[in-house]
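# Secondary and tertiary structure notes
Each chain, written out:
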Amino acid sequence: MRASLIQIAVNEGESVVSRRARVADLVREQSGSDLVVLPELWTVGAFAYEQFETEAEPLDGPTYGAMAAAARDAGVWLHAGSFVERAGDGSLYNTALVLSPTGELAATYRKIHRFGFDQGEAVMMSAGDSLTTVALPEQTLGLATCYDLRFPELFRGLVDAGATTLVVSAGWPARRREHWTLLNRARAVEDQSYVLACGSAGSNGGVEQAGHSLVVDPWGEVLAEAGPGEEVLTVDLDPKKVAETREQFPALKDRRLGL
């Protein structure tokens, strides 16, 4: 399976409309891949809190429409990162979309762990309450978003639900980049899964983004890592490697605590 992670530069000064069109074109350029992954809240910026309310859109809004068309044109599975969803009751969610190669909506995931403690996303958005997996022809994806990365129980739940590849879409700050790399490798090792971690570049809301998207194999080896700027990271994955790793080193079978 060939996966492409598009590390988008999300900078102030570029309009949402312009960035949406630009990213759709970047997705179309990945027609040789099977799966394309985008970062968290790339339409507005993960720290551009002042835009959350004004740029919120329904599930079937312009971001969904643009990404569905791009996935269909490229013939790829598309994890379209996340956007600010306005639900029917007016609540806001940090919602990820997965689209099929025909542009159909395959899954949604509302971010469970909101970042900000007593400000920003944590108070502006509602929390999701359901784990999400998506069955692709040769892999099952488990979805997580940014701050979720610090909660290993979420990832173990995804593995228990059948995930073999964990996809982390993020807008991770540069000042904690070492945590980003460490935690993604830890999730790969402890869950014996591929991890596709796609972050954003640039600066928004006064916060420099970490970039450095990476692909980690089930042994924790970093197969590829991006730099700090906008970049497309493309890696070929062996779907059999997860099962082989879990068979060679059957740590998951030795679990004693069902927590």
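Since this is a predicted model, take the numbers as computed values, not measurements.

### Points about the packing of aromatic side chains
- One pass over the full model with this rule turns up 9 aromatic pairs.
- Aromatic side chains Trp 172 and Trp 180 sit 5.4 Å apart centroid to centroid with 45 degrees between the ring planes, which places their arrangement in the tilted category. Of the two residues examined, Trp 172 and Trp 180, each falls in the buried class.
- Site record: aromatic cluster; members linked through ring pairs are Phe 47, Tyr 49, Phe 52, Phe 115, Phe 117, Tyr 147 and Phe 151.
- Sitting above the plane of the Tyr 93 ring, Arg 110 keeps its charged end 3.7 Å from the centroid.

### Considering the packing of helix H5 (residues 152–160) against helix H6 (residues 177–191)
- It is the contact of H5 with H6, at a shortest axis distance of 10 Å, that shows an interaxial angle of 40 degrees. One finds that H5 runs oblique with respect to H6. The chirality of how H5 crosses H6 is right-handed. Across from Pro 152, Phe 155, Arg 156 and Val 159 in H5, the residues of H6 making contact are Arg 187, Glu 190 and Asp 191.
- Taken together, the residues that form the contact of H5 with H6 break down as 3 nonpolar, no polar and 4 charged.

Criteria and thresholds
- Residues numbered from 1 in each chain as written.
- Predicted model: local features only at pLDDT ≥ 70, side-chain atom pairs only at ≥ 80, totals over all residues.
- Heavy atoms only, no water.
- Phe/Tyr/Trp six-rings, centres within 6.5 Å; stacked < 30°, edge-to-face > 60°.
- Buried < 20%, exposed > 50% of the residue type's maximum accessible area, 1.4 Å probe, protein only.
- Lys NZ or Arg CZ within 6 Å of the ring centre and 35° of its normal.
- Axes fitted to C-alpha atoms, helices over the stretch in contact; angles between N-to-C directions.
- Helix = DSSP H or I, 4+ residues; strand = E, 2+ residues; numbered from the N terminus.
- Parallel < 35°, antiparallel > 145°, perpendicular 65-115°, else oblique.
- Left-handed = near helix turned anticlockwise from the far one by under 90°.
- Contact = heavy atoms within 4.5 Å.
- Nonpolar A, V, L, I, M, F, W, Y, C, P; charged D, E, K, R; others polar.

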